[in-house]
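If you want the building blocks of each chain, they are given just below.
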Amino acid sequence: MNYRIGQSTDIHQLVEGRKLILGGVEIEHLKGLLGHSDADVLTHAIAESILGALALGDLGKHFPDTDPKYKDMNSIWMLGQVYEKMIEKGYQINNLDALIMIERPKMAPHIETMRKNIANALHCEVDQVSIKATRGEKMGFVGREEGVQAQCIVMLCKIE
C-alpha cells in the first residue's frame, strides 16, 4: 500500500471580541482566536498536514487571507475542501494525531465533539482521529494566554 505522511503547526493570537473555535466547536471563553477565517488552529493544522502529505503546499496557497471570500470562513468547510483535494489525488485518511496547546479553558469536555467534527469532514471513522491537549504551565505565549498552537501529523493511504 502507498502511504504519505504530512505534518503541520498553526498558531493564532488570543484576543478579546472573537469567538474561540477549535475543531469546529465554539467554546465559551473570554478570548477568541484572531485570524482572517474563524482562526480554528486545530482544523488549520489538520488541513495543512493533509496538504503537506499530498505535496500541495500550505493553506495560504489554497485559501489566501488576502481574498475577501475567505473572511470569517468556517474552517470545517475548508477541511472539507481539502478532503476533496485528497480524494482527487487518490488518497484517504489512515490516521491523524493532533495536539492543542492552550492554557485554558480545559479541552477535555470538547475533544470528543472535535473528533466527530473532524471525522465527519474527512469521511473517516472517529477512531482514526486522535486529538489531545496540553497546557503551557504558565510558560511561553501559550502559558501567558497570548495564543494557541496546534500540531498535527497525518498518514494517508492510497485508495485501492
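As shown above, the structure is provided for reference.
Just so you know, these numbers come straight off a predicted model, no measurement behind them. (Residues numbered from 1 in each chain as written. Predicted model: local features only at pLDDT ≥ 70, side-chain atom pairs only at ≥ 80, totals over all residues. Heavy atoms only, no water.)

Draft legend 1. Quick look at the overall build of the protein chain. For the protein chain, the count of helices and strands is 5 helices and 7 strands. In summary, the protein chain has a C-alpha radius of gyration of 15 Å against a globular reference of 15 Å for 160 residues, a match within 12%. Taking the principal axes of the C-alpha coordinates as reference, the protein chain spans close to 45 × 35 × 25 Å. By residue count, 50% of the 160 residues in the protein chain fall in the buried class. Intrachain contacts of the protein chain at a sequence separation of at least 6 include 72% that bridge at least 24 residues. Carbon and sulfur atoms form 49% of the exposed surface of the protein chain, whose accessible area is close to 8,100 Å². Distance from the positive charge centre (18 side chains) to the negative charge centre (22 side chains) of the protein chain: 2 Å. (Helix = DSSP H or I, 4+ residues; strand = E, 2+ residues; numbered from the N terminus. Rg over C-alpha atoms; globule rule 2.2 N^0.38 Å. Buried < 20%, exposed > 50% of the residue type's maximum accessible area, 1.4 Å probe, protein only. Contact = heavy atoms within 4.5 Å. Areas by Shrake-Rupley, 256 points an atom, 1.4 Å probe, with all protein chains shown as cover. Lys, Arg positive; Asp, Glu negative; His and termini not counted. Charge placed at Lys NZ, Arg CZ, Asp CG, Glu CD.)

Draft legend 2. Fine view of the packing of aromatic side chains. For the structure shown, the criterion picks out 2 aromatic pairs. The interplanar angle of 80 degrees and the centroid separation of 5.4 Å between the aromatic rings of Phe 63 and Tyr 70 together place this pair among those described as edge-to-face. Of the two residues, Phe 63 and Tyr 70, neither departs from the other in class, the shared state being buried. Arranged with centres 6.3 Å apart and planes meeting at 75 degrees, the rings of Phe 63 and Trp 77 form a pair that is edge-to-face. (Phe/Tyr/Trp six-rings, centres within 6.5 Å; stacked < 30°, edge-to-face > 60°.)

Draft legend 3. Seen up close, the pattern of salt bridges. Throughout the structure, instances matching the rule amount to 9 salt bridges. A salt bridge links Asp 72 to Arg 18, with the nearest nitrogen and oxygen atoms 3.6 Å apart. Of the two residues, Asp 72 sits in the loop between helix H2 (59-62) and helix H3 (75-88) while Arg 18 sits in the loop between strand S1 (3-16) and strand S2 (20-22), which places them 54 residues apart along the sequence. Among the ionic pairs, Glu 103 bridges to Arg 135, the shortest N-O distance being 2.9 Å. In this pair, Glu 103 is assigned in the loop between strand S5 (91-101) and helix H4 (111-122) and Arg 135 in the loop between strand S6 (129-134) and helix H5 (140-143), connecting sequence segments 32 residues apart. Take Glu 103: its relative accessible area is 7%, and that puts it in the buried class. (Salt bridge = Lys/Arg side-chain N within 4 Å of Asp/Glu carboxyl O.)

Draft legend 4. Representation of unusual backbone geometry within the structure. A cis amide bond links Arg 104 with the next residue in sequence, Pro 105, at an omega value of 5 degrees. Secondary-structure assignment places Pro 105 in the loop between S5 and H4. The phi angle at Asp 72 is positive, at roughly 60 degrees, despite the residue not being glycine. In this model, Lys 138 sits at a positive phi of 70 degrees, which is unusual for a non-glycine residue. Checked against the element boundaries, Lys 138 lands in the loop between S6 and H5.

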